[in-house]
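Structural overview for review
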Amino acid sequence: MKRSLPLAMLLLMSLAPSARAASEADYKAAYAAAEAASKEATGMRNQWTTTVSTLAAAKKAGDGGDFDRAVAAAKEAEALAKASIFQATSEKEAWKAMEIR
């Protein structure tokens, strides 16, 4: 439970609306960060399917010129990817405590 609170806060902060309209440069930076985190999660063999679909939604919105929606989706995808990375690293050793001895 203690570990899920920072994760929830990260997700909420990433979804907070911005005060100004996003530009194409904002979208590209957010998408690059999300894609990098997604690739890291893939390398750990723990990529969540929701990350892939959210990245696709970000790309679609960016290609359509809706940069506000694209940035929001890219930040959400990055948060999901980071959450999957956190899950993989935290459970790397935690499974041993669940093993029947």
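The structure contained in this document is the topic of the report that follows. (Residues numbered from 1 in each chain as written. Predicted model: local features only at pLDDT ≥ 70, side-chain atom pairs only at ≥ 80, totals over all residues. Heavy atoms only, no water.)

With that settled, the discussion passes to helix H2 (residues 24–43). In this model H2 runs 28 Å from its N-terminal to its C-terminal C-alpha over 20 residues, within 8% of the 28 Å that 1.5 Å per residue would give. Arg45 lies just past H2 and shows a positive phi near 60°. (Helix = DSSP H or I, 4+ residues; strand = E, 2+ residues; numbered from the N terminus. Expected span 1.5 Å × (residues − 1).)

Turning our attention to the nonpolar core. Residues Tyr27, Tyr31, Leu55, Ala58 and Val71 are the most contacted members of the largest nonpolar core, which totals 14 residues. At the level of secondary structure, the elements contributing two or more residues to this core comprise H2, helix H3 (49–63) and helix H4 (67–98). Top contributing element to this core by residue count: H4, with 6 residues. Ignoring sequence-local partners within four residues, the contact set of Val71 consists of Ala22, Asp26, Tyr27 and Ala30. (Core = buried A, V, L, I, M, F, W, Y, C linked by side-chain atoms within 4.5 Å. Buried < 20%, exposed > 50% of the residue type's maximum accessible area, 1.4 Å probe, protein only. Contact = heavy atoms within 4.5 Å.)

This next bit is on the packing of aromatic side chains. Going through the model one piece at a time under the given rule, you end up with 2 aromatic pairs. Taking 5.8 Å as the distance between ring centres and 45° as the angle between the ring planes, the aromatic pair formed by Tyr27 and Tyr31 counts as tilted. Of this pair, Tyr27 and Tyr31 both sit in helix H2, 4 residues apart, roughly one helical turn. Taken as a pair, Tyr27 and Tyr31 share a single burial class, namely buried. Seen in terms of ring centroids, Tyr27 and Phe67 are 6.0 Å apart; in terms of plane orientation they differ by 35°. Their pairing is tilted. One end of the pair, Tyr27, is in helix H2; the other, Phe67, is in helix H4, with 40 residues separating them in the sequence. According to the relative accessible area criterion, Phe67 is buried, its value standing at 19%. (Phe/Tyr/Trp six-rings, centres within 6.5 Å; stacked < 30°, edge-to-face > 60°.)

What follows deals with the pattern of salt bridges. The tally for this structure, following the rule as stated, stands at 4 salt bridges. Here Lys28 makes a salt bridge to Glu24, at a shortest N to O gap of 3.6 Å. Here Lys28 pairs with Glu24, and both are found in helix H2, just 4 residues apart, close to one helical turn. (Salt bridge = Lys/Arg side-chain N within 4 Å of Asp/Glu carboxyl O.)

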